Amino acid sequence: MAKKVVTLYVDDTSLRLLEARGKHVIKWADLPLEPGLVSDGVVLDEDKTVAKIEELFQAQKMKAQKVALGLSGLHCLSRIITLPQLPGAMLAEAVKQEAEQNLPVPLEQLYLSWQVISDLNKETQVFLAAIPRSAVDTIIKAIRRVGVEPYLIDLKPLALTRVIKDATAVIVDAQTTEFDIVIMMDGIPQPIRTLSFPDEALALQEK
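Reading guide: rules and limits
- Residues numbered from 1 in each chain as written.
- Predicted model: local features only at pLDDT ≥ 70, side-chain atom pairs only at ≥ 80, totals over all residues.
- Heavy atoms only, no water.
- Buried < 20%, exposed > 50% of the residue type's maximum accessible area, 1.4 Å probe, protein only.
- Helix = DSSP H or I, 4+ residues; strand = E, 2+ residues; numbered from the N terminus.
- Pairing = 2+ DSSP bridges.
- 1 Å grid on protein atoms, 1.4 Å probe; cavity = no way out; pocket = protein on both sides within 12 Å on 5 of 7 lines; lining within 4 Å.
- Points joined across faces, edges and corners; volume = space filled by probe spheres on them.
- Phe/Tyr/Trp six-rings, centres within 6.5 Å; stacked < 30°, edge-to-face > 60°.
- Lys NZ or Arg CZ within 6 Å of the ring centre and 35° of its normal.
- Polar contact = N/O pair within 3.5 Å; in protein donor to acceptor, adjacent residues only side chain to side chain.
- Contact = heavy atoms within 4.5 Å.
- Salt bridge = Lys/Arg side-chain N within 4 Å of Asp/Glu carboxyl O.
- Axes fitted to C-alpha atoms, helices over the stretch in contact; angles between N-to-C directions.
- Core = buried A, V, L, I, M, F, W, Y, C linked by side-chain atoms within 4.5 Å.

Trainee: Help me understand the pairing of strand S6 (residues 66-71) in this model?
Mentor: Consecutive side chains of a regular strand alternate in pointing toward one face of the sheet and then the other. Burial analysis of S6 places five of its six residues in the buried class, the great majority of the element. Pairing between strand S1 (residues 4-10) and S6: four bridges, direction parallel. Along S6, the bridge assignment pairs Val10 with Leu71. Two elements, S6 and strand S10 (residues 149-155), share six bridges in a ladder whose sense is parallel. When the bridges of S10 are listed, Leu71 appears paired with Leu155.

Trainee: In this structure, what is going on with the layout of surface pockets? I would like to understand it.
Mentor: Roughly 740 Å³ of internal volume is contained in the largest pocket. Taken together, 29 residues make up the lining of the largest pocket; nearest its centre are Thr7, Tyr9, Leu18, Lys156 and Ala159. Residue assignment for the lining of the largest pocket shows that the elements contributing at least two residues are S1, strand S2 (14-21), strand S3 (24-32), S6, S10 and helix H4 (156-161). Tallying contributions element by element places S3 first for the lining of the largest pocket, with five residues. Computed from the structure, the second largest pocket encloses a volume of approximately 590 Å³. Lining the second largest pocket are 22 residues, and of these Ser113, Phe127, Ala129, Asp154 and Leu158 lie nearest its centre.

Trainee: How do you make sense of the packing of aromatic side chains when you look at a structure like this?
Mentor: We describe a pair of aromatic rings using the distance from one ring centre to the other and the angle between the two ring planes. For the structure shown, the criterion picks out one aromatic pair. Sitting over the ring of Tyr151, Lys66 keeps its end group 5.0 Å from the ring centre.

Trainee: Can you help me understand the side chain of Asp180 in this one?
Mentor: By the element assignment, Asp180 lies in strand S12 (residues 178-185). A polar side-chain atom of Asp180 sits 3.0 Å from a polar atom in the side chain of Lys156. If we skip the residues at most four places from it in the chain, Asp180 touches Lys156, Pro157, Leu160, Ile171, Val172, Asp173, Arg193 and Thr194.

Trainee: What is the right way to look at the environment of Thr49 in this model?
Mentor: Note that Thr49 resides in helix H1 (residues 46-59). Classification of Thr49 by relative accessible area gives buried; the value is 2%. The spacing of Thr49 and Leu33 is 16 residues in sequence and 8.0 Å in space, taken between C-alpha atoms. If sequence neighbours within four positions are ignored, Thr49 has contacts with Leu37, Val38, Val43 and Ala142.

Trainee: Quick question: what am I supposed to make of the pattern of salt bridges here?
Mentor: Two side chains that carry opposite charge are able to pair once their charged atoms sit near each other. Summed over the entire model, instances satisfying the criterion amount to nine salt bridges. Measuring nitrogen to oxygen at the nearest pair gives 3.2 Å for the salt bridge that ties Lys52 to Glu34. Note that Lys52 is positioned in helix H1 and Glu34 in the loop between S3 and strand S4 (38-39), a separation of 18 residues in sequence. One salt bridge in this structure joins Asp154 and Arg162, with 2.0 Å as the shortest N-O distance. A residue is classified by how much of its surface remains accessible, and Asp154, at 18% relative accessible area, is buried. Each member of the salt-bridge network shares a partner with another, and the members are Glu46, Asp47, Lys141 and Arg145.

Trainee: Help me out: how do you make sense of the sheet that holds strand S9 (residues 123-132) in this one?
Mentor: Pairing between the strands of a sheet comes from backbone hydrogen bonds, and it takes one of two forms, parallel or antiparallel. Pairing within the open sheet is antiparallel, and its three strands lie in the order S7-S9-S8. The sheet is open, and its two borders are formed by strand S7 (77-84) and strand S8 (110-120), each paired with just one other strand. In this sheet, adjacent strand axes meet at a mean angle of 20 degrees when their direction is disregarded. Taken together, the 10 bridges between S8 and S9 define a ladder with antiparallel strand orientation. Note on S9: the bridge partner recorded for Gln115 is Phe127.

Trainee: Would you explain the nonpolar core in this entry?
Mentor: One broad trend across soluble globular proteins is that nonpolar side chains are buried collectively. Counting 37 residues, the largest nonpolar core has Leu8 and Phe57 as its most contacted members. Element by element, the count of residues in this core is highest for helix H3 (residues 133-145), at five residues. Every residue in contact with Leu8, bar those within four places of it in the chain, is listed here: Leu15, Arg16, Leu17, Ile53, Leu56, Val67, Ala68, Leu69, Gly70 and Ile143.

None of this, on its own, says anything about what the molecule does.
The structure is reproduced here in structure tokens:
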């Protein structure tokens, strides 16, 4: 039997909860967040956010002990860098140094993840993804207060790339307050952008 997976997605306007077994969705639900609870991906009112998470789990009668956590890509940073072929330990240090030079935010303020995407002709291509620690830490703290442990974190625009089968494509996902656009080239997302819509309400066509 396929393993059950529970995911929780958090952004500035809502919480979204989904339970799946294999490729089959068992149930899903969302709960709006009042303005001021989460802003720019950072939890500002921890107590009320915790209460909202508890409300959503209780309404769906879910008693998950761990979740895969999804976050908005609004402040994520991504780069593709090229390095000479290096042994594993040296490669990790080289990636860190390149990240320091290529990312506009100091590394101590970011969570950084990377993956080798090509290792040919004496060159190694690496995909970097980073997100501010301030956003991740405040959300994880709130979730843990509910008694749930986030065992995996994913950025929504990267999750979108795994939905499609085409190696080359344009992915657009429009939500209430923001939209993601990802250009896929030969199976590699380049670039990734998550942008906010203006504050005023827009019709779908205007978005």
